Amino acid sequence: MAADQIAEAEVLNRLRRAQGQLAGVISMIEQGRDCKDVVTQLAAVSKALDRAGFKIVATGMRECATGAAATGDHTPMTEAELEKLFLALS
């Protein structure tokens, strides 16, 4: 399996995990669960999404910087554009 495929699989796994955790948060709220438990689970969702986003940025940084994206757009991103993309996750 190529490195890009491995990274994609890792991102998808993280997003699926976050999706399940978010469903759990929704269920907890509907059940009237304790605020502390809800916030703790919501923090886990947020962390899972952050990790997926950082993985996407980390693995895609090379393609974005060189313009070798799979979309066929071969225009390299500027340093400012890369920074803006990265900071969008913070």
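These numbers were taken from a predicted model, which means no experiment stands behind them. (Residues numbered from 1 in each chain as written. Predicted model: local features only at pLDDT ≥ 70, side-chain atom pairs only at ≥ 80, totals over all residues. Heavy atoms only, no water.)

1. Focus on the overall build of the protein chain
Helices and strands together make up the secondary structure of the protein chain, namely three helices and zero strands. Taken from N to C terminus, the helices and strands of the protein chain fall in the order α-α-α. The contacts in the protein chain between residues at least 6 apart in sequence include a share of 47% that link residues at least 24 apart. (Helix = DSSP H or I, 4+ residues; strand = E, 2+ residues; numbered from the N terminus. Contact = heavy atoms within 4.5 Å.)

2. A closer look at the pattern of salt bridges
Evaluation of the coordinates by the stated rule reveals two salt bridges. Residue Glu10 pairs with Lys55 through a salt bridge whose shortest N-O separation is 2.9 Å. Separated by 45 residues along the polypeptide, Glu10 in helix α1 (residues 3-30) and Lys55 in helix α2 (residues 35-66) bring together distant segments of the chain. Assessed through its relative accessible area of 31%, Glu10 is described here as partly exposed. (Salt bridge = Lys/Arg side-chain N within 4 Å of Asp/Glu carboxyl O. Buried < 20%, exposed > 50% of the residue type's maximum accessible area, 1.4 Å probe, protein only.)

3. Let's talk about a nonpolar patch on the surface
On the surface, Leu12, Leu15 and Leu49 cluster together into a nonpolar patch covering about 220 Å² of accessible area. Among the secondary structure elements, Leu49 is positioned in helix α2. (Patch = residues over 30% accessible without salt bridge, like charges linked within 9 Å, V, L, I, M, F, W, Y side chains within 5 Å. Areas by Shrake-Rupley, 256 points an atom, 1.4 Å probe, with all protein chains shown as cover.)

4. Let's talk about the environment of Leu49
We classify Leu49 as partly exposed; its relative accessible area is 43%. Apart from residues no more than four positions distant in its own chain, Leu49 is found in contact with Leu15 and Ala18.

5. So, the environment of Asn13
As for its placement among the helices and strands, Asn13 is situated in helix α1. Taking the C-alpha atoms as reference, Asn13 lies 8.7 Å from Ala52; in sequence the two are 39 residues apart.

6. With respect to the side chain of Gln21
Along the chain, the position of Gln21 falls in helix α1. Here Gln21 is in contact with Gln41, Ala44, Val45 and Ala48, once residues within four sequence places are set aside.

7. Quick notes on the confidence of the model for the protein chain
Summary statistics for the protein chain give a mean pLDDT of 83 and a share of 82% for residues scoring 70 or more. Per-element confidence in the protein chain ranges from a low mean pLDDT of 79 for helix α3 (residues 79-87) to a high of 91 for α1. (pLDDT = per-residue confidence, 0-100.)

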